[in-house]
Structures are given as structure tokens and as C-alpha cells.
Amino acid sequence: MLRYVAHRLLASIPVLFLVTLISFSLMQLVPGDPAILIAGLQATPAEVERIRHQLGLDQPFHVQLFSWYAHLLRGELGTSLLLGRDVLEVILERLPVSFSIALYALFLTVLVGLLAGIVAALRQNTLIDQLVMTVALIGVSLPNFWLALMLIVLFAVQLGWLPSGGYVDFRQDLWGWLRATTLPAVSLAMLQMGLLARITRSTMLEVLRQDYIRTARAKGLPQRLVVGKHALKNVMIPVVTVLGIVLSLLLSGSVVIETIFSIPGIGSLLGSSILRRDYPVIQAGLLFVATMLLLLNLLVDLVYAWLDPRIRYGRGE
Amino acid sequence: MASEAFASPFDRSAVRRRRFTTLRRLLRHRLFLVGAFLFSIVLAAALFADLLIQVDPNRISIRNKFRPPGTEWIFGTDNFGRSQWSRVVKGAQLSLAIGFGVVVLNAVFGTMLGALAGYFRSLDNLLMRIMDAFMAFPVILLAIGITAALGPGSINAVIALAAVYTPRTARIVRASVLVVREQAYVEAARAMGASHARILLRHVLPNCMAPLIVQLTFIFAYSVLSEAVLSFLGLGAEPPTPTWGNIIAEGRLYIREAPWLTLIPGLALAMTVLGLNLLGDGLRDVLDPRLKVQQ
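Residues numbered from 1 in each chain as written. Chains lettered and ligands numbered in written order. Predicted model: local features only at pLDDT ≥ 70, side-chain atom pairs only at ≥ 80, totals over all residues. Heavy atoms only, no water.

**Observations regarding the overall build of chain A**
Applicable threshold: Strands here are runs of E lasting at least two residues and helices are runs of H or I lasting at least four, both read from the DSSP assignment and numbered beginning at the N terminus. Only heavy atoms matter for contacts: two residues are in contact if any of them lie within 4.5 Å across the pair. Methods summary: accessible areas were calculated by the Shrake-Rupley approach with a probe of 1.4 Å, and residue burial reflects only the protein chains presented. Within this scheme the basic residues Lys and Arg register as positive and the acidic residues Asp and Glu register as negative, but His and the chain ends are omitted. Charge placement uses NZ in Lys and CZ in Arg. For Asp and Glu, CG and CD serve respectively.
Secondary structure summary: chain A contains 13 helices and 0 strands in total. Counting helices and strands in the order they occur from the N terminus, chain A gives α-α-α-α-α-α-α-α-α-α-α-α-α. Its C-alpha atoms give chain A principal-axis dimensions of roughly 85 × 60 × 35 Å. Restricting to contacts in chain A with at least 6 residues of sequence separation, those with at least 24 account for 72%. As displayed, chain A offers around 16000 Å² of accessible surface, 66% of which is attributable to carbon and sulfur atoms. Between the mean site of the 24 positive side-chain charges and the mean site of the 18 negative ones, chain A shows a separation of 16 Å.

**Let's talk about the pattern of salt bridges**
Just so we agree on the cut-off: Within this document, salt bridges are pairs made up of a side-chain nitrogen of Lys or Arg and a carboxyl oxygen of Asp or Glu, the two lying within 4 Å of each other. Burial classes: relative accessible area under 20% of the type maximum marks a residue as buried, over 50% as exposed, and values in between as partly exposed (1.4 Å probe, protein chains only).
The final tally for this structure, using the stated rule, is 14 salt bridges over all chains. Two residues, B:Asp281 and A:Arg198, come together in a salt bridge whose shortest N-O distance is 3.0 Å. You can see B:Asp281 sitting in helix α13 (residues 260-287) and its partner A:Arg198 sitting in helix α8 (residues 174-208), one on each of two chains. Neither B:Asp281 nor A:Arg198 differs from the other in exposure class; each is buried.

**Digging into the nonpolar core**
Spelled out, the test is: Put simply, buried Ala, Val, Leu, Ile, Met, Phe, Trp, Tyr and Cys residues joined by side-chain atoms within 4.5 Å make one nonpolar core.
A:Val19, A:Phe145, A:Ile260, B:Val204 and B:Trp244 are the most contacted members of the largest nonpolar core, which totals 145 residues. The greatest single-element share of this core, amounting to 13 residues, is contributed by helix α11 (residues 209-232) of chain B. For A:Val19, the residues in contact, after removing those within four places along its chain, are A:Leu287, A:Ala290, A:Leu294, B:Ala133, B:Ala136 and B:Phe137. In this structure, A:Ala121, A:Ile199, A:Leu208 and A:Val242 belong to the second largest nonpolar core, which totals 17 residues.

**Quick word on the packing of aromatic side chains**
Definition in use: Side-chain rings of Phe, Tyr and Trp, where Trp is taken by its six-membered ring, are said to pair if the distance between their centres is within 6.5 Å; with planes under 30 degrees apart they count as stacked, over 60 as edge-to-face, and otherwise as tilted. A ring is considered to have a charge above it if a Lys NZ or an Arg CZ atom is located within 6 Å of its centre and within 35 degrees of its normal.
Applying the stated criterion to the full structure yields 8 aromatic pairs over all chains. The ring of B:Tyr119 has B:Arg181 sitting right over it, with the charged end atom 5.8 Å from the ring centre.

**Comments concerning the confidence of the model for chain B**
Residue and element names in this part refer to chain B. Heads up, the condition is: On a scale of 0 to 100, pLDDT captures the predictor's confidence in every residue.
For chain B, per-residue confidence averages 84 on the pLDDT scale, and residues scoring 70 or more make up 91% of the total. The low-confidence segment residues 1-7 (pLDDT under 50) makes 2 contacts with residues lying over four places distant or belonging to another chain. Interface confidence for the predicted complex, expressed as ipTM, amounts to 0.83; the pTM equals 0.85.

**Considerations on the interface of chain A and chain B**
Short version of the rule: Two parts placed together each lose some accessible area under a 1.4 Å probe, and the buried area is that loss summed for both. Distance and chemistry together define a polar contact, namely a pair of N or O atoms within 3.5 Å, with one atom able to donate a hydrogen and the other to accept it when in protein, and with adjacent residues in sequence counting only for side-chain atoms on both sides. Asp, Glu, Lys and Arg are counted as charged, while Ala, Val, Leu, Ile, Met, Phe, Trp, Tyr, Cys and Pro are counted as nonpolar; the rest, among them Gly, fall into the polar class.
Taken together, the contacts link 48 residues of chain A with 44 residues of chain B. Across the chain A to chain B interface the summed buried area is about 4100 Å²; carbon plus sulfur atoms make up 77%. Taken together, the connections running from chain A to chain B amount to 1 salt bridge. At the boundary of chain A with chain B, the tally comes to 7 residue pairs in polar contact (both at pLDDT 80 or more). Only α1 (2-29), α6 (127-141), α7 (144-158), α8, α10 (223-260), α11 (266-275) and α12 (279-307) of chain A provide two or more residues apiece to the side of chain A that touches chain B. For the side of chain A that touches chain B, the residue count by class is 38 nonpolar, 6 polar and 4 charged.

**Re the packing of α10(A) against α11(A)**
Residue and element names in this part refer to chain A. Quick note on the threshold: In this analysis, axes come from line fits to C-alpha atoms, helices being fitted only over the stretch in contact, and the angle between any two N-to-C directions falls in the range 0 to 180 degrees. When describing relative orientation, an angle under 35 degrees is termed roughly parallel and one over 145 degrees roughly antiparallel, while 65 to 115 degrees is termed roughly perpendicular and anything else oblique.
Remark: α10 packs on α11, axes separated minimally by 7 Å, with the N-to-C direction vectors making an angle of 85°. Our classification of the angle between α10 and α11 gives roughly perpendicular. On α11, the residues touching Ser254, Val255, Glu258 and Thr259 of α10 are Ile266, Gly267, Ser268, Leu270 and Gly271. In the contact of α10 with α11, the residues fall into 3 nonpolar, 5 polar and 1 charged.

**Description of the environment of A:Leu208**
Residues and elements named next belong to chain A. Note that Leu208 resides in helix α8. Remark: the alpha-carbon pair of Leu208 and Val227, spanning 19 residues in sequence, is separated by 8.5 Å. Discounting residues that sit within four places of it in the chain, Leu208 has contacts with Ala121, Leu122, Ile213, Arg217 and Ala231.

As C-alpha cells, then:
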């Protein structure tokens, strides 16, 4: 196990290095002079020069690259051009907001997706199965930002049950938080629910065909135990594997969803930085999210290897 | 009968017969047919857009603003009195063109990178770590980052989405190349002195097509969806060029008084993606039954 951990840790270092390199390169992709673009048309040459200097764009390429890494190693991700504040500070301030909604969406995904998939598999080829799978397929195909708008029209404008936007801190008012985050969490979770229901169904069908299930049934165990104990454990394995993908999709969706619901999280920070060309925030935000995902995936892999000895001994990549 | 027993992969009539069975099985796949139906509606709208549109999608007519859908204006009109029907149909054209562009770039670069990594083992580690790094970023976030840097526009959206999805395609091609390269017929070709290029192009890649085709169908669906997100955020084609994403973004401002402005382009988008997902599911069931739901 220790060898596996060490191997995985070492293997993630070059990937992490490349991730930082990609984030750095984004600024180099900007056609023309980023300083002029950021400063706007009315800017005086002195202002442009100030921004150019602030971003280090007046330095040669290798100096820029070197100082990018020197800053990273000191934990400095840069300064926002608009807010004039340290980007990492702003991100960490907004992290609990995005994180709490992501967890809520993840909870909904696992609860609904898993349950729907299991029910569909147990009732294979019945009307229930077809209904669940149709809904799952539609869920996978709905654009989340459009779904969010439709939910607002229905639940906020027509019915008036839930607020159409805004955020309430869960440490101050849990009920308010729940009301504010339900529509965003549902719009974020829809895609993943469908995805998970589909994966769970196909895995469950495969597991139900295994010999140990037949043995359990032959022993005369009730269906509840066969499914709840013997089958479910094995269905959970692929569920854990797609967790990384699910998290990545949740973070992807948060830019649009947080913008629509005006939630002050990392997603809306990125959303507003794009339009105002606040490149340091975009760079740092991307780097932060990717690094977090890498670490989470690493953690998932390690837990997975710990649970399933077959992975540790070379079957996994 | 005798020829059947000896049919080799190079026997053209056998190849044709096999293709025919694939087609027949696809035509028996109910959901595939539903997907084909949905997608062909959108495809027809895109191909014959100029015949279907009577009013220029950018013609402003303030007198006619916010007309609800009805007999005169099929899909209603927007805040400038522009015909929503014209704009949605024109949007179909751009959406499919962008999706297709991403698919073509993906097919070319994904196959190339995947084949190189899978076939030449010395390149594998380097190429795959680079792919891993790209895949560490959430899809939309990286696409947003790239388009934010390159500037808005449909060409830049295609470039960004191709860059984001290519590593995923490369990984799938690599996985099948790894399997195929160990087959006896590849060894036979090598023993006969075939060059690497010939082995790859004639023996390995043709046998990796099935998962690639399935993957590209899904990439098409994701690209259409992601492009809509980018143009919703103002990073796609710039207004007044209509895209489904920017029509929804504009309609959002009038969602209370004119909900059809967001409803209709969203439905068109969902129909396209659903159609492509069904096509992909059908193709996977028929071409590559061992592949399970991924991504």
C-alpha cells in the first residue's frame, strides 16, 4: 500500500507541473497586447504601462515564466486587477459558498442517481425502468443554464416558493441557505443524476448476474439483503470512480449557475472576470480548481485502492 | 458458402456484408431511430436554413417587438422585433457547424495522439501525462479560459473546445490501439516487414474505429452544449450573429414578459443534444457492446 501511495504521489508531480504551465500559457495566448485590452480604449499610455508592469508583461518570456513559478512556490497566485486584492485570498473567501452548493448537489446526485439506477435495474424492461431511463437521458441532454432559467420561471416567478437568486450563509441561517441553494443545486445536479443513474443501472445489471448473487439467493436470503448487502457494495465501486468526473462537472457548471443565481462563489468570480478581462483571476482560478481536482482524484484513487486490493497490485493504471 | 468460411478482412464483399448487418441492426434499434429523427430535424433546419427563413434574422422592427408565438410569427419576436424563428434556425446552422468543426479536429488530432501514444510505447508516458494535465481542468472552465484569452468568436470557440476534448478522444484511441497492436495479424504484418506507418494505418487504426465513432458522436453533443454555454457567457460568436446561447442570454432579460425567448432556443438545444446522445447510445450498443456508459 505504501508503495502504491508513493507511486501515485510521484506520478502526480509532473501533471501538477504541466497544469501550472498550462495556466501560465493562457496569458501568452492573448493576441496582441493584453495590457491595452485590459486598460480599455480610453486609457492613457501611462495607465497601459502601469498594467503592463504590474502583470510583468514588460519582462522577457523566461523572466515571466520564472517569476510565475517563484510566486507559486510562495503561494502567491497574483493580484486581481479589478479588486486590487490577492487572488488566493478572494478565492478562499468564496470557497465555502461554492463548496457548500457543490456538496448539496453531490448529495442530490448520489441519492437520486443511485436510487433511480438501482430501481431501474431491479425492474429491468418494465415501464418503471423505461420511464426512469428516459428521464435520465433527458437529464443528460438538458443544458444546465437553461434548466436553471426555467426553474426560476416556475418556482420563483410563477409559484413564488423559492428565491430567484442570492445567497445566505449556512452558518447564520440554515433554512435560508437551503431555500437559496436548492434551485442552483438541482440545476447543477441534473446532468450528474442522469449520468449516475445510467451507470448504476448497467453496473447493477452486471452484478446481479454474478455467481455470488445467485449463491445469496440460493441460500434463501430475502431480496432486501441480496440487493442491500451483496449487490450494493459492488455497485459502489464504479460510483466511487466517477466521483472525480462528477466533481469536475459540478465545478464546470458553477460558472454559469452561480452567475445566473448571483451567488458570490468561485464560479461567478470567474464569470465576471472573463467579461472584464481580469486575467490574473482567470489564471489563478483555473489553477486553483484544477489543483483541487487533482488532489481530490488522488484521494479518491487512494481510498479506492485501500478498499479494493486488486488495484494496489498492478491492475490499475 | 465456401467463400464465407474463408472470408478474410481483405475480402471486400465480406466487408460490405458486415457493414450491411451493422446498418440493419442500427435500423432495428428503436432509440437510435428516435435519435436519428430528432437530429435530422435540426440538420435539415441547418442545411435548408435559407429556404426556411423568410425574414432576415437581424431585421429590426420595433413595431413588432415581443409578439408571442402564433400564426404570424411562428416562434414570436424579441425585444427588437426580430423573428425568433429566423434566429433559431440560423442558430442551428452555427451550432452544428461548430460541433462539426470540433468533431473533425478531434478525429484528426485525437487519433494522431492516441495512435502515437498507444503504438510507440516510448512516447506513451510523455503524451499521456500532457493529456492528463489538460484533463485535470474541468471542461467548461478550460474552454472558458482559452476563449477568454483568445477573445470571443466562433472560430476561437471551436479551437478551445477541440483543445479540451482532444485529450479525451486520444485516451480512447490509445486504449484500443493498445489492444489491437497485440493481435496476431499485427504481428504477422510486422513479420512480413511492413513499416510502422503501414501497420498503423492499414491494420491497427481501422480496427479502432468503432469506439472512436461512438466517442465522436458524444463529442458532437457535448460541443453543441458547451458552445451554447460559451456564447451564453458572451464568449461565442458575437451578437447580432444569432447562436442558441446568446439568444437565451438576451431573452433572459425579458424572461417574465417574453418567456418564449428563452424557452424555444433551449428546447432546440436540448433536442439536438438528446438526438445525438441517442445516436451515440445506439451506435455503442451495435458497434461496441462492451463499452459501458462513460463520462
